[in-house]
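The primary structure of each chain is shown beneath.
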Amino acid sequence: MPFTAIPEIGEFGLIDRIASLVASTLPAVPELLTGIGDDCAVFRPSAELLQVSTTDILAEQVHFDLLTTPLQHLGSKAISVNVSDICAMNALPRFALVSIAVPASFPVTMIEELYVGISHAAKEYGLAIAGGDTSSSRSGLVISVTMIGEVSPELITRRSGAQPGDLVCVTGSLGGAAAGLKLLMREKEIMLNHIENNEPYTKSVISDLNEYREAIQQQLLPLARIEIVRLFHAKHIQPSSMIDISDGLSSDLQHLCRHSNTGALIHENHIPIHAGTRRIADELQDDALTWALTGGEDYQLLFTISKERYQAIAENRGISVIGEMTDPESGVHLCDMYGMKIDMESIKGFDHFSS
Ligand code: ADP
Ligand code: MG
């Protein structure tokens, strides 16, 4: 077999290869309605109920840096990112299994802190921690969470199902998590420079981060949009398709379009970007729109809905209509401030193996 380095095929190319290797296992379980390819797998234990399941890893130096991440926050985030995938199916979480690989040098209190955060978040979302696994690690802390949720068959929402003409909607605002990450990286550099030069890293050299509180919180302590799912359930709304924004709006919208066999046209001036995020981008001489399109980790919900059904949620100010689904031949485009259409394929989201 020829040697192929993983970056040549990228994260999604790798998942495609895995999917073809495990495809032959699927016929054994006809109750498994959806396997690889959506935010959760979907299993039908009975005619009235669907069970959805997901798993997400957080690895030290890949997903987090312990120099800038309080462990309680990290525990909460490990839960929230999984709840976010459950919410992306229009489902509600029930329980989770938490596995950790820990360097033997860690003090016990660090793991206790982690679990204070895990338990706190679990209680907030109304889910139980039902088990897990513990191992030593030779390459940093790794946390893996597997989560199970439930939804009725009338409400389940997949990435597929959008129709041309459906509205493209996004909850909350985008780009804040990327802004928070940039600020934390700047702070870390200042800290390491001081340590390298043998200068004390005291309060006087720490930037006053209070004014950036919101963005930093969005990075360290993202919240899954479970109240939007509760709103959908209360109004019996089944969006035509949905995904959570973990890789960036550009990449995640393209996932919806590919799975639904549609195109899409969204408008730059309708993308919700917080004024604070724009201010940070100006300060760091960066671009808030790029953060919103490719930064990822915002954990907002991106969904499509028919114009008629949208009327039931039109009053919700936390939901923005950013464009419309189109026929597949039109492709996936962003219409910028000047009316220029930019092909979203040229705007890349996060890939674990891209340089
Ligand atoms: P998300 O960002 O929503 O968590 P991912 O991009 O991680 O989704 O994964 C996309 C799909 O690929 C999901 O359905 C997931 O279950 C599947 N997947 C990812 N990695 C693996 C793997 N190593 N083995 C089997 N399935 C995988
Ligand atoms: Mg997801």
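You'll find the structure just up there.
Computed from a predicted model, the values in this text were never measured in an experiment.

Engineer: Please explain the coordination of the magnesium ion (ligand 2) as it appears in this structure.
Structural biologist: Six octahedral donors around a metal ideally subtend angles of 90 or 180 degrees, whereas four tetrahedral donors ideally subtend 109.5 degrees. The protein atoms that coordinate the magnesium ion (ligand 2) are Asp39 (OD), Asp85 (OD) and Asp244 (OD), at distances of 2.0 to 2.1 Å. Read in sequence order, the donor residues for the magnesium ion (ligand 2) give the motif D-x45-D-x158-D. Linking Asp39 in the loop between β1 (32-34) and β2 (41-46) with Asp85 in helix α2 (residues 71-87), this pair joins segments that are 46 residues apart in sequence. With respect to class, Asp39 is no different from Asp85; both count as buried.

Engineer: Sorry, what's going on with the nonpolar core here?
Structural biologist: Generally speaking, nonpolar side chains in soluble globular proteins are found buried as a group. One finds Val52, Ile79, Val83, Leu141 and Ile143 to be the most contacted residues of the largest nonpolar core, which totals 50 residues. Among the elements of the structure, β3 (49-59), α2, β4 (92-102), α3 (108-125), β6 (142-151), β7 (167-171), α6 (226-234) and β10 (301-305) are those that each provide at least two residues to this core. Ranked by residue count, the leading element in this core is α2, at seven residues. For this core, the domains that each give at least three residues are domain 1 (31-151) and domain 2 (167-346). Apart from residues lying up to four places away in sequence, Val83 is in contact with Pro93, Tyr125, Leu127, Met147, Ala224 and Ile226. Grouped together as the second largest cluster of nonpolar side chains are 36 residues, Leu293, Val332, Leu334 and Met344 included.

Engineer: Is there a simple way to explain the side chain of His255 in this structure?
Structural biologist: When you line up the elements, His255 lands in helix α7 (residues 249-260). Here Arg258 takes part through its side chain, which lies 3.3 Å from a polar atom of the side chain of His255. With near-sequence residues (within four places) excluded, His255 lies in contact with Phe12, Arg159, Ile243 and Asp247.

Engineer: Honestly, the pairing of β7 in this entry has me stumped. Any pointers?
Structural biologist: Across a regular strand the side chains alternate sides, sitting on one face of the sheet and then on the other. With five of its five residues buried, β7 lies for the most part within the structure. Along β7, one buried face is formed by Leu167, Cys169 and Thr171 and the opposite face, lined by Val168 and Val170, is buried too. The pairing of β7 with β10 spans four bridges and is classified as antiparallel. Bridge pairing in β10 places Val168 opposite Thr304.

Engineer: What is the right way to read the pairing of strand β5 (residues 128-136) from this model?
Structural biologist: β5 sits mainly on the outside: zero of its nine residues count as buried. For β4 and β5, the ladder comprises eight bridges, and the chain directions are parallel. Bridge pairing links Ile100 to Thr134 in β5. With α3 bridging β4 and the parallel β5, this β-α-β connection has right-handed handedness.

Engineer: In this structure, what is going on with the site of ligand 1? I would like to understand it.
Structural biologist: As a structural note, the neighbourhood of ligand 1 is formed by Phe12, Ile15, Ile18, Ile36, Gly37, Asp38, Asp39, Asp56, Asp85, Arg159 and Ser246. Contact distances for ligand 1 include 3.3 Å between an oxygen atom and a side-chain N or O atom of Arg159. Protein contact buries 65% of the 560 Å² of open area that ligand 1 shows by itself. Take the shell around ligand 1: its biggest share by element is three residues, from helix α1 (residues 6-22). When its residues are assigned to classes, the shell around ligand 1 shows four nonpolar, two polar and five charged.

Engineer: Explain the pattern of salt bridges to me, please; I cannot follow it from the model alone.
Structural biologist: Overall, the coordinates contain 10 salt bridges when judged by the stated rule. Its salt-bridge partner being Asp65, residue Lys188 comes within 2.5 Å of it at the nearest N-O pair. Taken as a pair, Lys188 in helix α4 (residues 176-196) and Asp65 in the loop between β3 and α2 lie far apart in primary sequence, 123 residues in all. By relative accessible area, Asp65 is classed as buried at 13%. Its salt-bridge partner being Arg279, residue Glu211 comes within 3.7 Å of it at the nearest N-O pair. Of this pair, Glu211 sits in the loop between α4 and α5 (213-220) while Arg279 sits in helix α8 (residues 275-283); the two residues are 68 residues apart in sequence, bridging distant segments of the chain.

Conventions used here
Residues numbered from 1 in each chain as written. Chains lettered and ligands numbered in written order. Predicted model: local features only at pLDDT ≥ 70, side-chain atom pairs only at ≥ 80, totals over all residues. Heavy atoms only, no water. Donors = N, O, S within 2.8 Å, 3.2 Å for Na, K, Ca; no water. Helix = DSSP H or I, 4+ residues; strand = E, 2+ residues; numbered from the N terminus. Buried < 20%, exposed > 50% of the residue type's maximum accessible area, 1.4 Å probe, protein only. Core = buried A, V, L, I, M, F, W, Y, C linked by side-chain atoms within 4.5 Å. Domains from an automatic or database assignment. Contact = heavy atoms within 4.5 Å. Polar contact = N/O pair within 3.5 Å; in protein donor to acceptor, adjacent residues only side chain to side chain. Pairing = 2+ DSSP bridges. Right-handed = clockwise from strand over helix to strand, strands pointing away. Near = heavy atom within 4 Å. Areas by Shrake-Rupley, 256 points an atom, 1.4 Å probe, with all protein chains shown as cover. Nonpolar A, V, L, I, M, F, W, Y, C, P; charged D, E, K, R; others polar. Salt bridge = Lys/Arg side-chain N within 4 Å of Asp/Glu carboxyl O.

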